[in-house]
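A closer look at the structure
For reference, the chains in residue letters:
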Amino acid sequence: QLVRQAYKDSGGDQNKLYGLLNNAGAYKEANAVKKTISDQQKAKIDNSVNALKLVKHHASTVFANPTMDSAMAALQTIQQATGQDQSAEIARLQATGGDPELIRKWAAGHAMEADKLLPQFQQFSNGAAQVQGVVDPLTGKFSQNGAFKMQQSPDSIASNAIQIRGQNLADARGREAN
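In short, a report on the structure. Not measured: the values here are computed from a predicted model.

What counts as what
Residues numbered from 1 in each chain as written. Predicted model: local features only at pLDDT ≥ 70, side-chain atom pairs only at ≥ 80, totals over all residues. Heavy atoms only, no water. Core = buried A, V, L, I, M, F, W, Y, C linked by side-chain atoms within 4.5 Å. Buried < 20%, exposed > 50% of the residue type's maximum accessible area, 1.4 Å probe, protein only. Helix = DSSP H or I, 4+ residues; strand = E, 2+ residues; numbered from the N terminus. Contact = heavy atoms within 4.5 Å. Axes fitted to C-alpha atoms, helices over the stretch in contact; angles between N-to-C directions. Parallel < 35°, antiparallel > 145°, perpendicular 65-115°, else oblique. Left-handed = near helix turned anticlockwise from the far one by under 90°. Nonpolar A, V, L, I, M, F, W, Y, C, P; charged D, E, K, R; others polar. Pairing = 2+ DSSP bridges. Polar contact = N/O pair within 3.5 Å; in protein donor to acceptor, adjacent residues only side chain to side chain. Salt bridge = Lys/Arg side-chain N within 4 Å of Asp/Glu carboxyl O.

1. So, the nonpolar core
Val62, Ala71, Met72, Ala74, Leu75, Leu93, Ile103, Trp106 and Ala107 form the largest nonpolar core, which has nine residues in total. Contributing elements (two or more residues each) for this core: helix H4 (68-82) and helix H6 (100-111). Residue contributions to this core peak at four residues, all from H4. Excluding its chain neighbours within four sequence positions, the residues that come into contact with leucine 75 are Gln86, Glu89, Ile90, Leu93 and Trp106. Among the nonpolar cores identified, the runner-up in size contains seven residues, and Leu17, Leu21, Val33 and Ile37 belong to it.

What follows is the structure, encoded as structure tokens:
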């Protein structure tokens, strides 16, 4: 009855259903719902990745042959394969007026790999501090967004203390012997 009520109260929202089942102590059912949610998210990501690969492939083809006909054919193929409306892209293409150079730029925008457009995070030591920042992939400019004073770990501090203690004892014995 708890499980039925949770399904009823969730109103079809799987995240809400998961919470209701988990709170009701129906852990087995909650884990099954969580697995379903995870599988659906993975399928969406896989579909998006495949759609992007398709767009990139066709954009590369248009880049090699920058004509209005090749670009329109690519958009039609993409729309048929993915079901995504391409009317905005068609309008952008029509705005090029058929200029091969503008069509090539349009295609390059779709053929570039998105990960190469993301800022690259970097961290390095300048001797006194650990510096963090990002490198803009387009300009190559480094922008610092943090610096942290270098510190010793507790293990390093303890090791140093033991070493100093040993040196002090050896020094004291040497003084006694003298």
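2. Quick notes on the packing of helix H1 (residues 2-10) against helix H2 (residues 14-23)
Taken N-terminus to C-terminus, the directions of H1 and H2 make an angle of 150 degrees; their axes are 9 Å apart at the nearest point. Comparing their axes, H2 and H1 come out roughly antiparallel. Along this stretch, H1 crosses H2, giving a crossing that reads as right-handed. Residue-level contacts link Val3, Ala6, Tyr7, Asp9 and Ser10 of H1 to Lys16, Leu17, Leu20 and Leu21 of H2. A class-by-class count of the residues in the contact of H1 with H2 yields six nonpolar, one polar and two charged.

3. Thoughts on the pairing of strand E2 (residues 129-135)
The alternating pattern of E2 places Ala129, Val131, Gly133 and Val135 on a buried face and Gln130, Gln132 and Val134 on a face that is not buried. Taken together, the six bridges between strand E1 (residues 120-125) and E2 define a ladder with antiparallel strand orientation. Within E2, the residue paired with glutamine 120 across the bridge is valine 135.

4. Comments concerning the side chain of serine 10
As for its placement among the helices and strands, serine 10 is situated in helix H1. Residue classification places serine 10 among the buried positions, given a relative accessible area of 7%. A distance of 2.9 Å separates the side chain of serine 10 from the backbone oxygen of tyrosine 7, its partner in a polar contact. If we skip the residues at most four places from it in the chain, serine 10 touches Lys16, Leu17 and Leu20.

5. Section: the pattern of salt bridges
For the structure on display, the rule yields five salt bridges. Across the pair glutamate 89 and arginine 92 runs a salt bridge whose closest N-O atoms are separated by 2.2 Å. Remark: arginine 92 and glutamate 89 occur in helix H5 (residues 87-95); sequence separation between them is three residues, near one turn of the helix. Since its relative accessible area comes to 48%, arginine 92 is described here as partly exposed. Aspartate 171 is paired through a salt bridge with arginine 175; the nearest N and O atoms lie 3.1 Å apart. Placement of both aspartate 171 and arginine 175 in helix H7 (residues 154-177) is noted, with a separation of four residues, approximately one turn of the helix. Look at aspartate 171 and you get partly exposed, because its relative accessible area is 39%.

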